[in-house]
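Structure assessment
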Amino acid sequence: MAKFIDVSNKAVAAMLNQMQNKVGDLSPVLLAIGDDIIERTKQRFASATAPDGTPWVPNTEATLIDYIQQRGGFSGKTGKITAKGQALAISKRPLQGESGDLERQFSSLVTSGDTLLVGSSMIYAGMQQFGGTKSQFPHLWGDIPARPFLPIMADGSLYSDEASRITEQIRQYLY
């Protein structure tokens, strides 16, 4: 089931209104903004940082052990981590899944009402973005820390740097 968060930023909205008064159809501008948001979102997976530049919470020991076990990084004789396992642990980034789909499955769409939708087709994207606890979601194997990659905060507002980037992009179209 799709979940939507309505994001509105006064500065962005004012500039979009100004743009709409000037050119009418906002679709090309909104699509370009959506493409840029997706590109920045994908870059966050490479840097393992939130939109405000803070590093994502590192993987837990349990996550690393599971990751290493699945890839044969433990010695069958001693049960200790092998050199291969150590290399795997060092290279494992947060939110790096088996398929890599979370960091690839983003899209943007402009609706007929001049609304830009940006999101992920992965059902668990919201949990990874905002986090959650086992008490909230009993089916989880543990608490999931928030690792924001989309440019929205839990209250639905844009990160300030992201809002600045969007207003600058609109400004370039306007002038």
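Above: the structure in question.
Residues numbered from 1 in each chain as written. Predicted model: local features only at pLDDT ≥ 70, side-chain atom pairs only at ≥ 80, totals over all residues. Heavy atoms only, no water.

In terms of helices and strands, the protein chain carries seven helices and two strands. Mapped in sequence order, the helices and strands of the protein chain form the string α-α-α-α-α-β-β-α-α. For the protein chain, the C-alpha radius of gyration of 20 Å lies well beyond 16 Å, the compact-globule estimate for 175 residues. Considering only C-alpha atoms, the protein chain reaches an extent of 70 × 30 × 25 Å along its principal axes. A burial count over the protein chain gives 35% of its 175 residues as buried. Contacts in the protein chain between residues at least 24 apart in sequence constitute 56% of all its contacts with a sequence separation of at least 6. With an accessible surface of roughly 10500 Å², the protein chain has 55% of that area assigned to carbon and sulfur atoms. Each charge class in the protein chain was averaged separately, 17 positive and 17 negative side chains, and the resulting centres sit 8 Å apart. (Helix = DSSP H or I, 4+ residues; strand = E, 2+ residues; numbered from the N terminus. Rg over C-alpha atoms; globule rule 2.2 N^0.38 Å. Buried < 20%, exposed > 50% of the residue type's maximum accessible area, 1.4 Å probe, protein only. Contact = heavy atoms within 4.5 Å. Areas by Shrake-Rupley, 256 points an atom, 1.4 Å probe, with all protein chains shown as cover. Lys, Arg positive; Asp, Glu negative; His and termini not counted. Charge placed at Lys NZ, Arg CZ, Asp CG, Glu CD.)

Attention now goes to unusual backbone geometry. A negative phi angle is the norm for most residues apart from glycine, just as the trans form is the norm for most peptide bonds. The backbone of Ala48 sits at a positive phi, close to 55 degrees, despite the residue not being glycine. Along the chain, Ala48 turns up in the loop between helix 2 (27-47) and helix 3 (61-70). Residue classification places Ala48 among the buried residues on the basis of a relative accessible area of 15%.

For the rest of this paragraph, the subject is the nonpolar core. In this structure, Phe45, Trp56, Leu102, Phe149, Ile166 and Ile170 are the most contacted members of the largest nonpolar core, which totals 28 residues. Broken down by element, the residue count for this core peaks at six residues, all from helix 2. (Core = buried A, V, L, I, M, F, W, Y, C linked by side-chain atoms within 4.5 Å.)

Our next topic: the packing of aromatic side chains. Scanning the model with the defined rule gives four aromatic pairs in all. A ring pair is formed by Phe45 and Phe106, whose centres lie 6.1 Å apart and whose planes are at 55 degrees; its orientation type is tilted. Placement of Phe45 in helix 2 and of Phe106 in strand 1 (residues 106-110) is noted, with a sequence separation of 61 residues between them. Since its relative accessible area comes to 9%, Phe106 is described here as buried. Put simply, the rings of Phe45, Trp56, Phe106 and Phe149 touch in pairs and so form one group of aromatic residues. (Phe/Tyr/Trp six-rings, centres within 6.5 Å; stacked < 30°, edge-to-face > 60°.)

Relative to the 30 Å expected for 21 residues at 1.5 Å per residue, helix 2 spans 30 Å between its end C-alpha atoms, a close match to the ideal helical length. Where helix 2 is concerned, the buried positions are Val29, Leu30, Ala32, Ile33, Gly34, Ile37, Ile38, Arg40, Thr41, Arg44 and Phe45. One or two steps after helix 2, the chain reaches Ala48, where phi turns positive at roughly 55 degrees. (Expected span 1.5 Å × (residues − 1).)

Examined against the element boundaries, Gln128 turns out to sit in helix 6 (residues 125-130). Among the residues examined, Gln128 registers a relative accessible area of 14% and is labelled buried. Apart from residues lying up to four places away in sequence, Gln128 is in contact with Leu95, Leu102, Ile144, Pro145, Ala146, Arg147, Pro148 and Phe149.

On to the environment of Gly34, then. As for its placement among the helices and strands, Gly34 is situated in helix 2. The class of Gly34 is buried, set by a relative accessible area of 0%. Along the chain, Gly34 and Leu117 lie 83 residues apart, while their C-alpha atoms are 7.7 Å from each other. For Gly34, the contacting residues outside a window of four places in its chain are Ser108, Leu116 and Val118.

What follows deals with the packing of helix 1 (residues 10-23) against helix 7 (residues 160-174). Interhelical geometry of helix 1 versus helix 7 gives an angle of 15 degrees and a closest axis separation of 9 Å. Put simply, helix 1 runs roughly parallel to helix 7. Here helix 1 runs over helix 7; the crossing is left-handed. Residue-level inspection shows Ala11, Val12, Met15, Leu16, Gln18, Met19 and Lys22 of helix 1 in contact with helix 7, the latter providing Ala163, Ile166, Thr167, Ile170, Arg171, Tyr173 and Leu174. (Axes fitted to C-alpha atoms, helices over the stretch in contact; angles between N-to-C directions. Parallel < 35°, antiparallel > 145°, perpendicular 65-115°, else oblique. Left-handed = near helix turned anticlockwise from the far one by under 90°.)

Take it as geometry only, folks, not as evidence of what the structure does.
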